Amino acid sequence: MAVKNIVESVRDTLGEEMARDERVIVIGEDVGVKGGVFKATAGLVERFGEERVIDAPLAESSIIGVAIGAALNGLRPVAEIQFADFIYPAMDQIVSEAARLRYRSNGAFGCPIVIRVPFGGGVHGALYHSQCVEALFFHVPGLKIAVPSTPADTKGLLATAIRDEDPVLFFEHKKLYRRVRGEVPDGEHTLPFGQAEVRRPGDDLTIITYGAMVHVALEAAEQLARESVAAEVIDLRTLVPLDKQTVADSVMRTSRAIVLYEDNRTGGVGAEIAAILAEEFFEHLDAPIVRVAAPDVPAIPYSTPLEEAFLPNVAGVVAAARRLVAY
Amino acid sequence: MAVKNIVESVRDTLGEEMARDERVIVIGEDVGVKGGVFKATAGLVERFGEERVIDAPLAESSIIGVAIGAALNGLRPVAEIQFADFIYPAMDQIVSEAARLRYRSNGAFGCPIVIRVPFGGGVHGALYHSQCVEALFFHVPGLKIAVPSTPADTKGLLATAIRDEDPVLFFEHKKLYRRVRGEVPDGEHTLPFGQAEVRRPGDDLTIITYGAMVHVALEAAEQLARESVAAEVIDLRTLVPLDKQTVADSVMRTSRAIVLYEDNRTGGVGAEIAAILAEEFFEHLDAPIVRVAAPDVPAIPYSTPLEEAFLPNVAGVVAAARRLVAY
Amino acid sequence: MGSMTEPAAVKTRRTPRPLDVDLGGAELRAICETMVLSRALDERMWLLNRQGRAHFTISCQGHEAAQVGTAAALRRGEDITLPYYRDLGVVLWMGMTPREVMLSFFARADDPNSGGRQMPNHWGHAGLRIISGSSPVGTQIPHAAGVALAAKIRHEPTVTAVYFGEGTTSEGDFHEGLNFAAIHRLPVIFVCENNGYAISVPRHKQMATATVAERAAAYGMPGIAVDGTDVLAVYRVMRRAVDRARSGQGPTLIDTRVHRFTPHSSDDDDRVYRPPEEVESARQQDPVEKFRRTLVQHDLLTTAQDHELRERVAAIVEDAVVFAEQSPLPAAADLTRHVFAESGRR
Amino acid sequence: MGSMTEPAAVKTRRTPRPLDVDLGGAELRAICETMVLSRALDERMWLLNRQGRAHFTISCQGHEAAQVGTAAALRRGEDITLPYYRDLGVVLWMGMTPREVMLSFFARADDPNSGGRQMPNHWGHAGLRIISGSSPVGTQIPHAAGVALAAKIRHEPTVTAVYFGEGTTSEGDFHEGLNFAAIHRLPVIFVCENNGYAISVPRHKQMATATVAERAAAYGMPGIAVDGTDVLAVYRVMRRAVDRARSGQGPTLIDTRVHRFTPHSSDDDDRVYRPPEEVESARQQDPVEKFRRTLVQHDLLTTAQDHELRERVAAIVEDAVVFAEQSPLPAAADLTRHVFAESGRR
Ligand SMILES: Cc1ncc(C[n+]2csc(CCOP(=O)(O)OP(=O)(O)O)c2C)c(N)n1
Ligand SMILES: Cc1ncc(C[n+]2csc(CCOP(=O)(O)OP(=O)(O)O)c2C)c(N)n1
Ligand SMILES: [Mg+2]
Ligand SMILES: [Mg+2]
């Protein structure tokens, strides 16, 4: 096992999957000789050539549209949207086409593409280089969604995504890219979709989260432990399919839940998780389901005081947890 | 007061607002001599001329983009997206531009546009002429959302939308267009945003809904009344701003809530409403918050048995209500 | 005879003589039969809709020469098509049976296009390499580039043909798809069925150019305008474009001028936006009749053959309707199937 | 002197003589000063970024002639601009002060562009009729058509100019915006700053044409390619386009060939995708130096004036940096303001 950061894990996994299956191609803006603006595709064009590592024109709808077409004709495209914030021009191709191809053809056609989407804030990226966009796709049946939070999961989930028969949105948190390092299994390593991971066990309350917020939750749990509050931290890892079982098992034990997400609060993925708990596990709850999320402002501002005020943080989670155990 | 259906109410209100304020223009596909595919703009080009009623090229991104530009230069455009299902090509303009213009300019610019969006199923429109898309915009701060369910509300909310300083998505349910008739006030009639309406009072449980499902809820309530269950039906009317107060007042009284929506269940607007109740009104709840919604399949199929199986219906609401009062 | 408009930026061709094509009598008659069949099926669908036996129909009427003329230059079983909702003539030529068409029309379980999930005329047939299409116009154009890209990467001789109306050329996806295909010199033909209307919106409100062919200049791609009521003129232009594509010379945009004989769809009433005379005069150039006459004139279709053809078509249509209408509807329980692969390998 | 490429589909112009423009010495010196100031401010921002005093910068360096040359043909206070992130030269010419620029660079509360909410160089100034821009490229192009539509509807003489890079012409919004403007013959100029790269992606992977000007043919609009390092050549072309627009003859696409002297932004390292010599040789055509030399040669800029100009610019830059860096940051509490109008009438 080698120690890698997340961006290295993405890069190496892409390389391994391309070596393993010649149907895998990479397409996106600057993915070729530049190796992507985050270097997640560095070295691939040198290794696999310009036919399989395609510097696309600056046009997201066609990046996804071409990937869909290539998938329909037997390839396994991994498309990159340079920043999540620039996924909207491709919305029609993703929602109307990728997500609905199988359903609309009654199973006759499939759309095995992966859309890699660097996302998230805290990187001084301002309104248009910081967004969380997963909620929009979470609501669209027909799309799978993975959001790794560690280098090992990045490999396991990305390999699974590339081998999946259906479209997968693969969200890579930009702030974690180089900040989180960890051991990554060598060779074959896939992780099944729909299996959340308990990152830290605890009996007093459950924090359900994903992406960069996993690390915020872990820090909060650490702090809470010093106050003798045992918080369990669940990393969902994939949003679709959603591992309700792991969440339920935990909440039935703790009876208290915090749903933590970096995205705007209203209508975020956390709303669904809260709604599921309130509907299916109501009798196990001893306290309100608390959501800790970003405020409903259009996006993260650039100026540091505003950026910091936007992001959910450890203090916010700890405060919510204290209120919850005191309820 | 004249009795009108909803499409007539839209048309007359557009005419009144255009007569009242010469900055109001209408732009969209086929809105001119055809009068729109639903006839919601019939007669406008004859009355106000081709400069103010613009048959746009078949290109949704530019319909919204041009409307935004016109708004930035002093007009009050009312854009039509022919079917909600075709809004995705305009996603970038709506989310990145209309929703963020005011915020990103620190209040220096505004974007007073209305986007009229015929939506919803039950009209044999199949996968691409039936969709509910409101959840995607509900999650995006900076957009207001109105969803009238009666001809009078259609007038009041559309007039308010057109006079608003911010972008408003105005969802008109296609199935209601000609099926719901009612009195519409003559002359000046605006309805403030953010005020839900109790369509039917009741003390046993609260059904929170909007759009065509209001009528399903009312039918269900009627049926439940015969079983001596008094269901209160709340029509949200606007989703942003959301009238939490009216919902809270009701649920604090009934202690039981059904959230009913036509859209796909996961991540729908109803998830947020359930999450709010579970967080802010937990202590008032005597039972799980039940959601009645469409299944998570990509869209409504054409074939009648499938279309019928997709849509939430009266029987489903009644069954949920029975379970809830028995809880 | 094919008359071709030649806009400034567009390749120049000499006007070819009638029947100056590499097709024998049997092939010409097959083309004719497919055109007649398209028309007959379409008329029947319209009738069935008016009788209340189906919710919706949308026509190929007036477009048959553009459709069958282009499809006839493709290789069945090898080349890939991405038709749009008017392309009954294309899918019939590529091998879809009238029964299959009618299964789609009546939204039956066995419809190979979508199992009754999509509206009629939303084509897709994996076995025939007809890629599933949707309603949002233009999305298939980048798909076609991607399909062709895959063929190119695998060094397969497949040619891809994608179809759309002139209104659709206003969408961003048209631009992005053609741009991508041109940059990579992909083996794909962009076929525009230019009927002068997008529902009610006339061409001059859709573009500031006289032709769609001129749009090709933006991509450094040949753009050819052709009389889309003349099936052989269309065939010749397509033939050359296919040869170009197959030999690695890249994409072509073909602008076929056609007439829409019907309202936009069964939900439309075109009398509010165009004078009936316009359609009347267009019918003077009925592509189906014109081609039948040409074949008769050149002794390629005898009276007996003509008669036989019509009888056969009538019987086929009748059979298809009866077969499909009696065929089972999808089961409600199937609603939740095929959201994801049911036995996808991991 | 302006050399213009003349692609097939593009209007022909004779090569004009140097200084063959309707501008006096004072105006020419003002243009020169704005170019020098743009460069100086930009270089300082780069330095401040490298010193760790600001997170981000993105340059106009190499584009100054295209920017100031086009802006100089507009009417301040009346015409409307929609610049993109490189357009420091445009916004300075239209009236933004260096202090305001630096307030944006340091993301201060008083930044008129966004109150420090957007990244630097995301321009917007209501008072100067500079429309707020975003990061997603190309969205401003349909806006420009809409702005011009409103001017036309109100019969105002306003001309609108919108700016973007050549990579951005691949986006659907480019196509849709130009198409709309052409159909309605709107008073809008589309200015492409064609520097041959979209971050790392070279022009030949962006389009199959030799120029961006050729894309105009798709819209039946004039497309003019011009040497974007020659400010007067740019001015002349823009002048004519503005006159055309103002007199109701519709839009023009201008393709200015420029060089990007810096990496894409402070986050980019261009050594991996282009040889340093490429930039070195481009610097031989430095638009700022070239124009200064021209003015000196024609005795329109004396040595004393030149010296004075440089001193003034240095002082202005210094003042702007000091002023802005000392200026207050936004308050955290402002985070939730301006989502909606704060006192909108209903
Ligand atoms: C993205 C999108 N917007 C709007 C529509 C509604 N619509 C269906 S067909 C049509 C007109 C298409 O015109 P054209 O491309 O010329 O094809 P034609 O029907 O004339 O053959 C429109 C506006 C749609 N299907 N998709
Ligand atoms: C929609 C969108 N996709 C991707 C990006 C990321 N991005 C920022 S600038 C840029 C290149 C722009 O190239 P060009 O239009 O040629 O302008 P230049 O920077 O060369 O002046 C890219 C890909 C973006 N800002 N917006
Ligand atoms: Mg048409
Ligand atoms: Mg560039």
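Structure report, in brief. (Residues numbered from 1 in each chain as written. Chains lettered and ligands numbered in written order. Predicted model: local features only at pLDDT ≥ 70, side-chain atom pairs only at ≥ 80, totals over all residues. Heavy atoms only, no water.)

Observations concerning the overall build of chain A
Helix and strand counts for chain A come out as 12 helices and 14 strands. In terms of C-alpha radius of gyration, chain A reaches 19 Å, essentially the compact-globule figure of 20 Å for 327 residues. C-alpha extents for chain A along the principal axes are approximately 60 × 45 × 40 Å. Working note: accessible area of chain A is about 8300 Å², and carbon and sulfur atoms make up 48% of it. One way to put it: in chain A the 32 positive side-chain charges average out to a point 2 Å from where the 46 negative ones average out. (Helix = DSSP H or I, 4+ residues; strand = E, 2+ residues; numbered from the N terminus. Rg over C-alpha atoms; globule rule 2.2 N^0.38 Å. Areas by Shrake-Rupley, 256 points an atom, 1.4 Å probe, with all protein chains shown as cover. Lys, Arg positive; Asp, Glu negative; His and termini not counted. Charge placed at Lys NZ, Arg CZ, Asp CG, Glu CD.)

Focus: the site of ligand 2
Surveying the vicinity of ligand 2 reveals 21 residues, the closest of which are E60 of chain A together with Y84, Y85, T168 and Y197 of chain D. At ligand 2, the nearby residues belong to more than one chain, namely chains A and D. The backbone of V137 of chain D places a nitrogen or oxygen atom 3.1 Å from a nitrogen atom of ligand 2. Within the side chain of E166 of chain D, one N or O atom sits 3.0 Å away from an oxygen atom of ligand 2. (Near = heavy atom within 4 Å. Polar contact = N/O pair within 3.5 Å; in protein donor to acceptor, adjacent residues only side chain to side chain.)

Let's talk about the environment of G116 of chain D
With respect to the element layout, G116 of chain D can be found in the loop between α4 (98-105) and α5 (140-153). A relative accessible area of 0% places G116 of chain D in the buried class. Sequence separation between G116 of chain D and T34 of chain D is 82 residues, and the spatial gap between their C-alpha atoms is 24 Å. Setting aside its immediate chain neighbours within four residues, G116 of chain D contacts Y302 and S303 of chain A together with A107, R108 and D111 of chain D. (Buried < 20%, exposed > 50% of the residue type's maximum accessible area, 1.4 Å probe, protein only. Contact = heavy atoms within 4.5 Å.)

Thoughts on the packing of aromatic side chains
On inspection of all chains with the given rule, the structure shows 21 aromatic pairs over all chains. With 5.2 Å between their ring centres and 50° between their planes, F38 of chain B and Y177 of chain B make a pair best called tilted. With F38 of chain B in the loop between β2 (24-28) and α2 (44-48) and Y177 of chain B in the loop between β7 (168-173) and β8 (181-184), the pair connects residues that are 139 residues apart, well separated along the chain. With a centroid separation of 5.1 Å and an interplanar angle of 70°, the aromatic rings of F105 of chain C and F106 of chain C are classed as edge-to-face. On the basis of relative accessible area, F105 of chain C is assigned to the buried category, the value being 1%. Looking at R117 of chain C, its charged tip hangs above the ring of Y103 of chain A, at a distance of 3.8 Å from the centre. (Phe/Tyr/Trp six-rings, centres within 6.5 Å; stacked < 30°, edge-to-face > 60°. Lys NZ or Arg CZ within 6 Å of the ring centre and 35° of its normal.)

A closer look at the coordination of the magnesium ion (ligand 3)
Protein coordination at the magnesium ion (ligand 3) comes from E166 of chain C (OE), N195 of chain C (OD1) and Y197 of chain C (O), with a distance range of 2.1 to 2.2 Å. Donor residues for the magnesium ion (ligand 3) sit on one chain with the sequence pattern E-x28-N-x1-Y. (Donors = N, O, S within 2.8 Å, 3.2 Å for Na, K, Ca; no water.)

Focus on the coordination of the magnesium ion (ligand 4)
Residue and element names in this part refer to chain D. The magnesium ion (ligand 4) binds to the protein through E166 (OE), N195 (OD1) and Y197 (O), with metal-donor distances spanning 2.1 to 2.2 Å. Between consecutive donors of the magnesium ion (ligand 4), the numbers of intervening residues give the motif E-x28-N-x1-Y. Per residue, the accessibility class of N195 equals that of Y197, and both read buried.

Concerning the interface of chain B and chain A
Many descriptions give the size of an interface as the accessible area lost when the pieces come together. Contacts between the two partners involve 48 residues from chain B and, on the opposite side, 47 residues from chain A. Of the roughly 4300 Å² buried between chain B and chain A on both sides combined, carbon and sulfur atoms contribute 62%. The interface formed by chain B and chain A includes six salt bridges. One salt bridge in this structure joins E272 of chain A and R291 of chain B, with 2.8 Å as the shortest N-O distance. Across the contact surface, chain B and chain A share 26 residue pairs in polar contact (both at pLDDT 80 or more). (Buried area = accessible area lost by both parts, 1.4 Å probe. Salt bridge = Lys/Arg side-chain N within 4 Å of Asp/Glu carboxyl O.)

What to know about the relation of the copies chain B and chain A
Between chain B and chain A, the superposition needs a rotation of 180° and an axial shift of 0.0 Å, giving an RMSD of 0.0 Å. Taken together, these values place the two copies in the relation of a two-fold axis. When you check the interface residues of chain B against chain A, 98% turn up at the interface there too, and the contact is symmetric in its surfaces. (Least-squares fit on C-alpha atoms with pLDDT ≥ 70 in both.)

Considering the side chain of E97 of chain B
Among the secondary structure elements, E97 of chain B is positioned in helix α4 (residues 91-98). Among the polar contacts made by the side chain of E97 of chain B, one reaches the side chain of S134 of chain D at a distance of 2.5 Å.

Some remarks on the site of ligand 1
The full set close to ligand 1 counts 21 residues, and E60 of chain B together with Y84, Y85, T168 and Y197 of chain C are the nearest of them. The residues that come close to ligand 1 belong to more than one chain, namely chains B and C. Here S135 of chain C contributes a backbone N or O atom positioned 3.0 Å from a nitrogen atom of ligand 1. The side chain of T168 of chain C places a nitrogen or oxygen atom 2.7 Å from an oxygen atom of ligand 1. The fraction of the free accessible surface of ligand 1 (580 Å²) that becomes covered by protein chains is 97%. Residue classes in the shell around ligand 1 are distributed as nine nonpolar, seven polar and five charged. (Nonpolar A, V, L, I, M, F, W, Y, C, P; charged D, E, K, R; others polar.)

Digging into the pattern of salt bridges
Side chains that differ in charge, positive against negative, can pair when their charged atoms come close. This structure, assessed with the given rule, holds 100 salt bridges over all chains. Here E222 of chain B and R200 of chain B are joined by a salt bridge, their closest N and O atoms 2.9 Å apart. Taken as a pair, E222 of chain B in helix α8 (residues 213-226) and R200 of chain B in strand β9 (residues 197-200) lie far apart in primary sequence, 22 residues in all. The class for E222 of chain B is partly exposed, based on a relative accessible area of 40%. Overlapping salt bridges bring together D153, E197, R199, D235 and R237 of chain A as one network.

Points about the sheet that holds strand β3 (residues 188-194) of chain C
Residues and elements named next belong to chain C. Taken together, the five strands give an open sheet; going across it, the order is β1-β2-β3-β7-β6, and neighbouring strands pair in parallel fashion. Two strands bound the open sheet, and with one partner strand each, they are β1 (80-82) and β6 (223-227). Ignoring strand direction, the axes of neighbouring strands in this sheet form an average angle of 20°. Sheet topology places β3 next to strand β7 (residues 252-257); six bridges connect them, and they run parallel. Each residue of the ladder has a partner; that of C192, found in β7, is D255. (Pairing = 2+ DSSP bridges. Axes fitted to C-alpha atoms, helices over the stretch in contact; angles between N-to-C directions.)

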